[in-house]
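# Architecture and fold: a report
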Amino acid sequence: LPLVEGDEIVLENDSRMEIQLDSWNFIRLDGKARMKMTTLNEDGVAVSLIAGSMSVRIGKMDGDGKFFEMDAPGTTISVQKTGLFDLDSTDSVAGRVRLSVSDDGEARVYSETSGFTIRSGRSATLFLVGARKGEWDLADFSGTRNDFSKWVASRDQLIAKKLEGAYFDRYYDTDFYGADDLNDYGTWVDTSDYGTVWRPHRTTTRVYADCSPYRYGHC
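Here goes a summary of the coordinates provided.

Cut-offs applied
Residues numbered from 1 in each chain as written. Predicted model: local features only at pLDDT ≥ 70, side-chain atom pairs only at ≥ 80, totals over all residues. Heavy atoms only, no water. Helix = DSSP H or I, 4+ residues; strand = E, 2+ residues; numbered from the N terminus. Buried < 20%, exposed > 50% of the residue type's maximum accessible area, 1.4 Å probe, protein only. Contact = heavy atoms within 4.5 Å. Lys, Arg positive; Asp, Glu negative; His and termini not counted. Charge placed at Lys NZ, Arg CZ, Asp CG, Glu CD. Pairing = 2+ DSSP bridges. Axes fitted to C-alpha atoms, helices over the stretch in contact; angles between N-to-C directions. Core = buried A, V, L, I, M, F, W, Y, C linked by side-chain atoms within 4.5 Å. Salt bridge = Lys/Arg side-chain N within 4 Å of Asp/Glu carboxyl O. Expected span 1.5 Å × (residues − 1). Arc of directions from axis to C-beta.

On a plain count of helices and strands, the protein comes out with two helices and 16 strands. Along the first, second and third principal axes, the C-alpha set of the protein runs to 75 × 35 × 30 Å. Counting only residues that meet the buried cut, the protein has 36% of its 219 residues in that class. Contacts spanning at least 24 positions in sequence make up 40% of the contacts within the protein whose residues lie at least 6 apart. In the protein, the 26 positive side-chain charges and the 36 negative ones have mean positions that sit 5 Å from each other.

Taking strand neighbours across the sheet as the criterion, the seven strands line up as 2-3-6-9-10-13-14 in an open arrangement whose pairing is antiparallel. Unpaired on one side and paired on the other, strand 2 (17-20) and strand 14 (136-140) mark the two borders of the sheet. Neighbouring strand axes in the sheet, compared pairwise and without regard to direction, differ in orientation by 15° on average. Two strands pair when backbone bridges link them, and strand 10 (residues 96-102) and strand 13 (residues 122-127) are joined in this way by six bridges, in the antiparallel orientation. Counterpart to R96 in the pairing with strand 13 is F127. Sitting on the sheet, helix 1 (residues 147-164) touches strand 2, strand 3 (25-29), strand 6 (53-58) and strand 9 (83-88), and the angle it makes with strand 3 is about 155°.

We now examine the nonpolar core. Core analysis: the biggest nonpolar cluster contains 33 residues, and I27, M54, F68 and M70 have the highest contact counts within it. In this structure M54 touches I27, R28, L29, M35, V47, L49, M70, F85, D86, L87 and F148, once residues within four positions along its chain are discounted.

This paragraph deals with the pattern of salt bridges. In the structure shown here, the tally under the stated rule is 14 salt bridges. The residue R16 makes a salt bridge to D30 at a minimum N-O spacing of 3.2 Å. Taken together, the residues span a long stretch of sequence, with R16 in the loop between strand 1 (8-10) and strand 2 and D30 in the loop between strand 3 and strand 4 (34-41) at a distance of 14 residues. Judged by relative accessible area, R16 falls into the partly exposed class, the value being 38%. Here K162 makes a salt bridge to D184, at a shortest N to O gap of 2.1 Å.

This part takes up helix 1. The terminal C-alpha atoms of helix 1, which comprises 18 residues, lie 26 Å apart, in line with the 26 Å expected from a rise of 1.5 Å per residue. Taken as a whole, helix 1 has its buried residues at F148, S149, V152, D156, I159 and K162. Within helix 1, the buried residues cover an arc of 140° as seen down the axis, which keeps them to one side. Facing away from the buried surface of helix 1 by more than 90 degrees, the exposed residues are D147, Q157, K161 and E164. Packed against the buried residues of helix 1 are strand 2, strand 3, strand 6 and strand 9.

The seven strands lie next to each other as 1-4-5-7-8-11-12, forming an open sheet whose pairing is mixed. Pairing within the sheet leaves two strands with one partner each, and these edge strands are strand 1 and strand 12 (115-119). Averaged over all neighbouring strand pairs, the angle between strand axes comes to 20°, with direction disregarded. As paired strands, strand 8 (residues 75-81) and strand 11 (residues 106-111) are joined by six bridges and run antiparallel to one another. Each residue of the ladder has a partner; that of T76, found in strand 11, is Y110.

Take a look at the structure:
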């Protein structure tokens, strides 16, 4: 499902969602999450986590000024280095938002009263109400192991394996993301008439009586 700038995503209970920005960068949302794509263009991406939990995997950053930013109640986070960024606003009603950084990531964090850099292995909790409103608590972060984080890790492992076997710059350009999925459903073969083409496995096509490319969307 393609997403465009301005789209708002709301997840039901016990559901999860993965958004692929390109071959190396992904947004994952946990159940009850609510997120808006505020900016989505050639200059960069900005998302707003209105409620719930979000995990962002930035595996590659272009060096030409592109940005990735996350908003949550009371704060804006700008990614500076590749890594994993977990943002949790499930306690925002109680007055807290938490950011955790791992896998060598780094981000610049801004709130109403402060701005600082958070590096890998650290977490920061923002207080939204009360006497400590606008203040941050910083702590070490060794990685959470709840069901959502385990699912994120499994998705990262699967995608890393797909990228290892991808044929970027051989059969398709690096910006043709999603092409690495083709390896699970067929093979690349050389033909005298058309050169190198992708041919689906018989197990891929036999579920359709009259398989024709683009008819079903994943044939």
